[in-house]
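# Breakdown of the fold
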Amino acid sequence: MTKTFTTMVMAIIALAVFSLPAWATETPVTGGVLKIAIDSDPPTLDVHSTRATLAVYVAGNVYEGLYAFTRKGEIKPMLASGMPDISADKLTYTIPLRREIKFHNGKAMTSADVKASLDRWGKVASYGKQLFAHIESVTVKDDYTVVITLKEQWGTLMSSLAMLLGGPVIYPEEICTQYPAKPSAEYIGTGPYMFVEWRPNDHITLKRFDGYKALDTASDGYTGRKTAYLDQLVFYGISEEPVRVNGVEGGEYDFADFVPSDEYERLKDEKNLRTYISPPRAWFVFVLNTKFGPTKNKKVRQAMLATLDVKGTMAAGYGDEIFWRVDPSLALKEQVWHSTAGEAAYNQNNIEKAKTLLKEAGYNGEKIVWMAGPLEYNLSLAAKSNMKKAGLNIDLQSMEWATLLSTRKNPELWHAFSSGFTAKADPSLTTAMNLKYGAGWDNPEAQALFNNFCTEPEFESRYAILGKFQELVYSEVPYIKVGDYKNLRLSSNKVHGFANELYLYFFNVWKDK
Amino acid sequence: MALVLLVVSITIFIVMHLLPGDPAAIMLGPEATNEDIAVLKAEMGLDKPVWIQFVDWTGRIVRGDLGNSIFFQNRSVPDVIADHLEATLLLTLFSLGLATVIGIFSGVVAASTHESIYDRGFMLLTSMAVAIPNFWLGLMLVLGFAIMIPILPAAGYSPLSQGVWSCLSYLVLPSITLAAGAVALIARMTRACMLDVLRNDYIRTAKAKGVRQSFVIFKHALRNAIIPVVTVIGMSFANLMGGAVVTESIFNIPGVGRLLIKSVFTRDYPVIEGVVLYIAIAWTLINLMVDIIYTLIDPRLEY
Amino acid sequence: MINTKEKSGSRRTLEKFMKNPTAVFGVVVLLVMFIMAIFAGQIATHDPLEINPGDRLMAPGPAHWFGTDRMGRDVFSRVVYGSRISLIVGFSVVTLTSIFGTFLGLVSGYFKRLDEVIMRILDGLMAFPGLILMIMIMAVLGRSLVNVIITLAIVYVPRMARVVRGAVLVQKEQTYVEAARAIGAGPMRILFVHIPRNCIAPIIIQGTMIFAYVVLAESALSFLGVGMPPETPSWGVVISSGKVFLRRAPWISFFSGIAISLCVLALNSIGDGLRDVLDPRLNRKG
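Residues numbered from 1 in each chain as written. Chains lettered and ligands numbered in written order. Predicted model: local features only at pLDDT ≥ 70, side-chain atom pairs only at ≥ 80, totals over all residues. Heavy atoms only, no water.

## Overview of the overall build of chain B
If you tally the helices and strands in chain B, you get 13 helices and 0 strands. Scanning chain B from its N terminus toward the C terminus, one meets helices and strands in the order α-α-α-α-α-α-α-α-α-α-α-α-α. Looking at chain B as a whole, 52% of its 303 residues qualify as buried. Sequence-distant contacts, at least 24 apart, represent 70% of the contacts inside chain B between residues at least 6 apart. (Helix = DSSP H or I, 4+ residues; strand = E, 2+ residues; numbered from the N terminus. Buried < 20%, exposed > 50% of the residue type's maximum accessible area, 1.4 Å probe, protein only. Contact = heavy atoms within 4.5 Å.)

## A closer look at the overall build of chain C
Along its length, chain C carries 12 helices and 0 strands. Start at the N end of chain C and walk to the C end: the helices and strands fall as α-α-α-α-α-α-α-α-α-α-α-α. The C-alpha extent of chain C, read off along each of the three principal axes, is 75 × 45 × 30 Å. For chain C, with 286 residues in total, the buried portion stands at 52%. In chain C, the proportion of contacts linking residues at least 24 apart, taken out of those at least 6 apart, comes to 71%. For chain C, the exposed area adds up to about 12,900 Å²; of that, 65% sits on carbon and sulfur atoms. (Areas by Shrake-Rupley, 256 points an atom, 1.4 Å probe, with all protein chains shown as cover.)

## Re the interface of chain C and chain A
Counting from both sides, the interface comprises 13 residues of chain C and, opposite them, 17 residues of chain A. Interface of chain C and chain A: buried area, both sides summed, is about 1,400 Å²; carbon and sulfur atoms make up 50% of it. Three residues, Met71, Glu231 and Arg248 of chain C, lead the burial of chain C against chain A; their summed loss comes to 31% of the area buried on that side. Counting the contacts that link chain C with chain A gives 2 salt bridges. Here Asp320 of chain A makes a salt bridge to Arg56 of chain C, at a shortest N to O gap of 3.6 Å. Counting across the interface, chain C meets chain A through 2 residue pairs in polar contact (both at pLDDT 80 or more). Here the side of chain C that touches chain A is built from residues that sort into 6 nonpolar, no polar and 7 charged. (Buried area = accessible area lost by both parts, 1.4 Å probe. Salt bridge = Lys/Arg side-chain N within 4 Å of Asp/Glu carboxyl O. Polar contact = N/O pair within 3.5 Å; in protein donor to acceptor, adjacent residues only side chain to side chain. Nonpolar A, V, L, I, M, F, W, Y, C, P; charged D, E, K, R; others polar.)

## Some words on the sheet that holds strand S7 (residues 145–150) of chain A
All names here are of chain A. The 4 strands lie next to each other as S4-S5-S7-S6, forming an open sheet whose pairing is antiparallel. Whereas interior strands pair on both sides, the edge strands pair on one side only; in this sheet they are strand S4 (85–86) and strand S6 (135–142). Along the sheet face, helix H3 (residues 111–124) touches S6 and S7 and points at about 170 degrees away from the line of S6. (Pairing = 2+ DSSP bridges. Axes fitted to C-alpha atoms, helices over the stretch in contact; angles between N-to-C directions.)

## Let's talk about the packing of aromatic side chains
The full count for this structure, using the stated rule, is 43 aromatic pairs over all chains. Summarising the aromatic geometry, the rings of Phe255 of chain A and Tyr276 of chain A are spaced 6.2 Å apart at their centres and angled 35 degrees between planes, so their arrangement reads as tilted. Taken together, the residues Phe255 of chain A in strand S11 (residues 255–259) and Tyr276 of chain A in strand S12 (residues 273–277) connect sequence positions 21 residues apart. No difference in accessibility class separates Phe255 of chain A from Tyr276 of chain A, as the two residues are buried. Aromatic pair Trp337 of chain A and Phe453 of chain A: ring centres 5.4 Å apart, planes at 65 degrees, arrangement edge-to-face. Of this pair, Trp337 of chain A sits in the loop between strand S14 (324–325) and helix H11 (351–361) while Phe453 of chain A sits in helix H14 (residues 444–455); the two residues are 116 residues apart in sequence, bridging distant segments of the chain. Take Trp337 of chain A and Phe453 of chain A: they sit in the same class, and that class is buried. A connected cluster of aromatic rings, assembled from ring pairs, spans Trp283, Trp414, Phe417, Phe421, Tyr437 and Tyr479 of chain A. In this structure, Lys226 of chain A is placed above the aromatic ring of Phe507 of chain A, and the distance from its NZ or CZ to the ring centre is 4.9 Å. Lying across the ring of Tyr213 of chain C, Arg159 of chain C places its NZ or CZ 5.4 Å from the centre. (Phe/Tyr/Trp six-rings, centres within 6.5 Å; stacked < 30°, edge-to-face > 60°. Lys NZ or Arg CZ within 6 Å of the ring centre and 35° of its normal.)

## Here's the deal with the environment of Phe469 of chain A
All names here are of chain A. Relative to the helices and strands, Phe469 resides in helix H15 (residues 459–476). According to the relative accessible area criterion, Phe469 is buried, its value standing at 0%. The spacing of Phe469 and Gly342 is 127 residues in sequence and 9.4 Å in space, taken between C-alpha atoms. Not counting residues within four places of it along the chain, the set of residues in contact with Phe469 comprises Leu330, Ala432, Met433, Leu435, Trp441, Ala446, Leu449 and Tyr479.

## What about the sheet that holds strand S15 (residues 367–372) of chain A?
Residues and elements named next belong to chain A. An order of S14-S18-S13-S17-S15-S16 is seen for the 6 strands of this open sheet, with the pairing classed as mixed. Edge positions in the open sheet fall to S14 and strand S16 (393–398), since each of these has one partner strand only. With 6 bridges connecting them, S15 and S16 associate as parallel partners. Within S16, the position partnered with Met371 by the bridge is Gln397. Of the strands in this sheet, strand S13 (282–288), S15, S16 and strand S18 (479–485) touch helix H9 (residues 298–307), which is tilted by about 55 degrees from S15.

## Details of unusual backbone geometry
Residue and element names in this part refer to chain A. Even without being a glycine, Asn347 presents a positive backbone phi close to 60 degrees. In this fold, Asn347 is placed in the loop between S14 and H11. At Asn508, a residue that is not glycine, the phi angle is positive and equals roughly 65 degrees. Its place among the elements puts Asn508 in the loop between strand S20 (495–496) and strand S21 (510–511). Residue Asn508 is classed as buried on the basis of its relative accessible area of 14%.

## So, the packing of helix H5 (residues 77–112) of chain B against helix H12 (residues 256–266) of chain B
Residues and elements named next belong to chain B. Running from N to C, H5 and H12 point in directions that differ by 135 degrees, and their axes come no closer than 7 Å. Between H5 and H12, the interaxial angle falls into the category oblique. From H5, Val80, Ile81, His84, Leu85 and Thr88 reach across to H12, where they touch Val256, Gly257 and Leu259. (Parallel < 35°, antiparallel > 145°, perpendicular 65-115°, else oblique.)

## Comments concerning a nonpolar patch on the surface
Residue and element names in this part refer to chain C. On the surface, Leu31, Phe34, Ile35, Ile38, Phe39, Ile43 and Phe91 cluster together to form a nonpolar patch covering roughly 650 Å² of accessible area. For the nonpolar patch, the leading source of residues is helix H2 (residues 21–38), giving 4 residues. Among the structural elements, Ile43 can be located in helix H3 (residues 40–43). For Ile43, a relative accessible area of 33% puts it in the partly exposed group. (Patch = residues over 30% accessible without salt bridge, like charges linked within 9 Å, V, L, I, M, F, W, Y side chains within 5 Å.)

## Notes on the packing of helix H10 (residues 200–224) of chain C against helix H11 (residues 235–242) of chain C
All names here are of chain C. The interhelical angle for the contact between H10 and H11, taken along N-to-C directions, is 35 degrees, at an axis separation of 7 Å. For the crossing formed where H10 meets H11, the hand is right-handed. Facing Ser219, Ser222 and Phe223 of H10, the residues of H11 in contact are Gly236, Val237, Ile239 and Ser240. Taken together, the residues of the contact of H10 with H11 break down into 3 nonpolar, 4 polar and no charged. (Left-handed = near helix turned anticlockwise from the far one by under 90°.)

## Overview of the interface of chain B and chain C
Contacts between chain B and chain C engage 41 residues on the former and 33 residues on the latter. Regarding the contact of chain B and chain C, the summed buried area is about 3,300 Å², with carbon and sulfur atoms giving 84% of it. The largest contributions to the chain B side of the interface with chain C come from Phe135, Trp136 and Leu139 of chain B, which together make up 17% of the buried area. Taken together, the links from chain B to chain C amount to 1 salt bridge. Ionic pairing is found between Arg188 of chain B and Asp272 of chain C, a salt bridge with its closest N-O pair at 3.7 Å. Linking chain B with chain C are 2 residue pairs in polar contact (both at pLDDT 80 or more). Sorting the residues of the side of chain B that touches chain C by element identifies helix H1 (2–18), helix H6 (117–131), helix H7 (134–148), helix H8 (164–198), helix H11 (245–250), H12 and helix H13 (269–297) of chain B as the ones contributing at least two each. Its residues assigned to classes, the side of chain B that touches chain C shows 35 nonpolar, 4 polar and 2 charged.

Now the structure itself:
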């Protein structure tokens, strides 16, 4: 019996010893430099001044807003100390602020900084200008309370305050007064990493901010505890894909975004690398001209919709199935706004039905001019073959973006073009709900739904309105959604904790020594 | 020279403004509406009539102000070009060096073994080198030496400041790609000139006098044959400084050629103008240098 | 009198040409390409434009001799049809440059004052790296077969013009010109009838060279994404479409490149052969 006992003890010890390494890697390591290859230098790090996602990849580690989104898209307080106190008429939002927050330059954050930042955002940022059209004022009640008064009920206020992309992140008051209109050249925020230097076309360096005051709630997306394990983050803007990939393989970089998806097969088996398939950021769409040409006729547009075979089109036009997704919703599956309204009309792949619709429309083979840029060309080509089978006369033209955008200004010259709609924090901010896009969609019902969606503050009601809007899109067909698409990201296997969300961020990430 | 530059500048300005589209649209991306683009365009001063823009631009050019890049965070155009110059310069020197050495050497050998199997092989190889599209050669080199036998990097560039060997390793394949065409030209030119010269009387005289074969070839013949070869080398140099657009594209080398292509696609007007002017100036200067080298080699020529 | 002499002269020229093995090789290869282009429909095994998402990136095999590309199209058929594009573009551009280039060359070689102006402009155009000029003109005009032809013609006219001008300058001093003037021929007749007859050799030679340049240039433009529209079975487009798949599917870029190389090699050999035969005194260094 002692013999079995000893063997058991030894087995347990052996087990413990062999699992030690596994434990070791799961304990975060503090220290080290993380080298990140992104696909170019951002235009600026002043989040108010740009809607470029690249800016957020870097700035998301440096700045914070009053509120922030969890992975799913729920709104939680960040620099605010709690959810706002909303008046009965839903026009006044009183926001309490945390008292212990310090900026990277050591200054303590007060409501004066918050007011200055919000006002600046309202003047400088495109989303800010849109929102401030409905804001009466932003006032300071005391050092740690800010009050936002609306002109009318407005549903997107909270998501705007939580938004990072082109969103109202909080700067010190001095920065706002020093750079009232032009993009700021100094980057001072409250986040876990702080700005060190930017050598244009070379690199941007951030370092840990020791004075960061983390929340003690669980990390979830941009909310909760954000820990800066690394000493430094260095971002390299490398526009050439192979260089990014080779760089990670060779050890020059620790992380690369936008890796060619065709490399996935080879890279996923490499022992010292880790691949991540990014969540979809956008979906491909064919935008139709509802005002001129054969597409003016609703039945023609419905016919085009009916021919769509999403799987075949995405496979031919974009690549392996892991990198795209069939989904009818105008919002992404990952978002709270996802809806299957109107899905019967999505992905029909029904050529016969299309033929019938075309006959009803009185379509006589009129030419449909369709413009596609380099990224979407193959996709459009694949879709075109089904449309041809239904009898549509498609004149598909490949153009570089500059030419496409210039021709698009004249709606008489085109009838369809291919594009991508990126997902945003709030659907009202997406191009999918932008009725002025392309040639414009003059539909009173759509306009009414959009207005209601914006003014309605309650989530449940907004969700229902969004569903109706989506159904309308599938019956009126101002545009045809194809499918969601994803990208490939790559890191060395020494990198841990990467959350692989829509936008890159590197707090809560550590690197083995 | 000034006249050529003037013609080049005006042509570029005209062509650029004939290009459909504008940088404002590219900056805002495909999801912007036409109104958004129009607003930014006005802010950037691009909605003024073309002739006013031309006057503004000539005024600036005359003062030597090439303006700021639209897409490189407002850096001045000369700075942007300078950033990209190192890569092009190194690539040019490396390829030209390879091409000159291999070209002259093989040309001389071919000439001195005229009609032999080596000579025939030489003619065949040079014909092929000129016929093969250089971008395809680049791809095949990558396939061979970076993918199938992974000894060299497939693409990219490492600045000199980060290590000489590393920098060179990235330049090997692109330099071979670029050198291929130039080698053929230089080699053939060398061979042709050498053949001409070798038939000359004074060479026969020297041979009759009993001077050793190889000595005769290298000293006398080459010296006289060199001038047209220098022309070809000069032309190749000028071409390469223009930025070997396609090779830089395949190998993702951040040189002047790539800068130009990128700027054309993004309609970064100041950079396009700057780069084209730079190329025209470089070309003219190099031709001037070649002329000077002539006088050094052959004091009979006077300038 | 002149006519009979020319006839036997051209027969002699032809015989001499045929003695050159590389030149004959060139003619044979070009003929094969010609046949491929004309009978592409019969020779190709599939429709070069037919998309087959299920068959993407297949290696060469009995069903697809050169494999398939990213959209499942048969590479062999695309390479066969590619000969059509290259030959059509080549012939069209050579024709256009011959007409306009010859005209400009004649006029500027003969009339001193016009020469100054025309040559300055052409010099300016030639100071541009050709590829860049082509990229910009294509960006202005848009991607299509016709626009590629126009762009290439614009870029290569100066070359033809220079060569013709050079020949005219030489011819101007010849005795037959004086003789023609003596019998009362006006400058127009001399310029557009007598002189061109004696400039045919350089025009033909330069034409063959331009043909070769054009095949390469069209493929380079298509490769960069500014030439033929992306679905066209042009050799350059096919190479470009294989660029990202070099590791997974090297056959896409491989075969089309061989096609271009053979075609250009053939054209160069013919050009060299013609030069040997039509004007052996022509400086071989040129």
